[in-house]
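An overview of the molecular structure
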Amino acid sequence: MQDSTVFVKTAKGHEALTQHTELSVRVRRILILVNGSNTVDQLRQLSAGWGGMAESWLMELLEGGYIESLSTTKGTAAPRQDPEQQALAGARETLSALI
């Protein structure tokens, strides 16, 4: 996951904030901060006092379909993928960041 990546809430993400879901309090907090303008680095800074787990929580939200990446080149949401494809894409991003 790159520091410059920007996420937006999906319909499921908006719904999760208005209804009781299986998300933990801290994951819900980071979901609230996802607004289409905060980068991963900014989200990490905003949640620094919450245990340093921002990337893990963002990955949980991404894999669960609560958020999606905003294309930095076109300013539009990336096309939706099925959950398996999203998980593979997320794993690729994580591995790329480690290399």
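Data block above holds the structure.
Right, let's walk through the structure included here. Fair warning: this is a prediction, and the values are worked out from it, not measured in the lab. (Residues numbered from 1 in each chain as written. Predicted model: local features only at pLDDT ≥ 70, side-chain atom pairs only at ≥ 80, totals over all residues. Heavy atoms only, no water.)

1. Regarding the packing of aromatic side chains
Cut-off, in case you're wondering: In summary, the pairing rule links any two rings of Phe, Tyr or Trp, Trp by its six-membered ring, whose centres are within 6.5 Å, and it sorts them by plane angle into stacked for under 30 degrees, edge-to-face for over 60 and tilted for everything else. We count a charge as sitting over a ring when the NZ of a lysine or the CZ of an arginine lies within 6 Å of the ring centre and within 35 degrees of the ring normal.
Summed over the entire model, instances satisfying the criterion amount to zero aromatic pairs. One Lys or Arg, Lys-12, reaches over the ring of Tyr-66 and ends 4.6 Å from the middle of that ring. The ring of Trp-50 is capped by Arg-29, whose NZ or CZ atom sits 5.5 Å from the centre of that ring.

2. A look at the nonpolar core
The criterion, for reference: Here the nonpolar core consists of buried residues drawn from Ala, Val, Leu, Ile, Met, Phe, Trp, Tyr and Cys, with membership extended through side-chain atoms lying within 4.5 Å. Any residue under 20% of the maximum accessible area for its type is buried, any over 50% is exposed, and the rest in between are partly exposed; the area is computed with a 1.4 Å probe on protein chains only. Strands are runs of DSSP state E lasting at least two residues, helices are runs of H or I lasting at least four, and both sets are numbered from the N terminus onward. Contacts: residue pairs with any heavy atoms within 4.5 Å of one another.
One finds Phe-7, Leu-23, Ile-30, Leu-31, Leu-58, Leu-61 and Ile-67 to be the most contacted residues of the largest nonpolar core, which totals 19 residues. Taken together, the elements giving at least two residues each to this core come down to α2 (25-33), α3 (40-46) and α4 (54-63). No other element matches the six residues that α4 contributes to this core. Excluding residues within four positions of it along the chain, Leu-61 makes contact with Leu-23, Val-27, Ile-30, Leu-31, Tyr-66 and Ile-67.

3. Side note on α2
Quick note on the threshold: Read the arc as the range of directions from the helix axis to the C-beta atoms.
Residues of α2 that are buried: Val-27, Ile-30 and Leu-31. Buried residues of α2, seen end-on, are gathered within an arc of 105° and therefore sit on one face of the element. Residues of α2 that are exposed and point more than 90 degrees away from the buried face comprise Val-25 and Ile-32. Taken together, the buried residues of α2 touch β1 (6-9), α1 (11-18), α3, α4 and β2 (67-70).

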